[in-house]
Amino acid sequence: MYTHVLAQSLMLLARLREEERQNLPGSLSAAMQAAELLTSLAATHPEVFAAHLRAALEQWAHVLDLLHRTREAGEVRRRLKGMDGGPA
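Residues numbered from 1 in each chain as written. Predicted model: local features only at pLDDT ≥ 70, side-chain atom pairs only at ≥ 80, totals over all residues. Heavy atoms only, no water.

**Here's the deal with helix 1 (residues 3–19)**
Argument step 1. Its 17 residues give helix 1 an end-to-end C-alpha distance of 24 Å, which sits within 8% of 24 Å, the value for a rise of 1.5 Å per residue.
Argument step 2. Where the residues of helix 1 are buried, they touch helix 2 (24–44) and helix 3 (46–66).
Argument step 3. Where helix 1 ends, the next residue or the one after it, R21, has phi of about 55 degrees, a positive value. (Helix = DSSP H or I, 4+ residues; strand = E, 2+ residues; numbered from the N terminus. Expected span 1.5 Å × (residues − 1). Contact = heavy atoms within 4.5 Å.)

**Re the environment of L80**
Argument step 1. Among the structural elements, L80 can be located in helix 4 (residues 70–83).
Argument step 2. Relative accessible area serves as the criterion here: at 8%, L80 is assigned to the buried category.
Argument step 3. In this structure the C-alpha to C-alpha distance between L80 and Q8, which are 72 residues apart in sequence, comes to 18 Å.
Argument step 4. Excluding anything up to four places from it in sequence, L80 contacts R54, L57 and E58. (Buried < 20%, exposed > 50% of the residue type's maximum accessible area, 1.4 Å probe, protein only.)

**Some thoughts on the pattern of salt bridges**
Argument step 1. Under the counting rule described, the total for this entry stands at four salt bridges.
Argument step 2. For E58, the salt bridge identified is with R54, shortest N-O distance 3.9 Å. Placement of both E58 and R54 in helix 3 is noted, with a separation of four residues, approximately one turn of the helix.
Argument step 3. Judged by relative accessible area, which is 42%, E58 ranks as partly exposed. (Salt bridge = Lys/Arg side-chain N within 4 Å of Asp/Glu carboxyl O.)

Distances and angles like these do not, on their own, reveal function.
See the structure below:
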């Protein structure tokens, strides 16, 4: 019932940690968890949650870049392209 609130809170935590360059692994974990929660919500209500899922995936990829995990960041970005109807 409050899954979307938890996901939004995780996104804010991820952004805060990333912006302060503190605890990037914690930021990564929060962004990943937010994306996981929003994936199921976007599957059932894309008109409401697709944009939130996109933001979570973008944050996830950005933190991966900061951690120099470019291969994994590329995988997340391919998932984003798949959301646009492009090749996944």
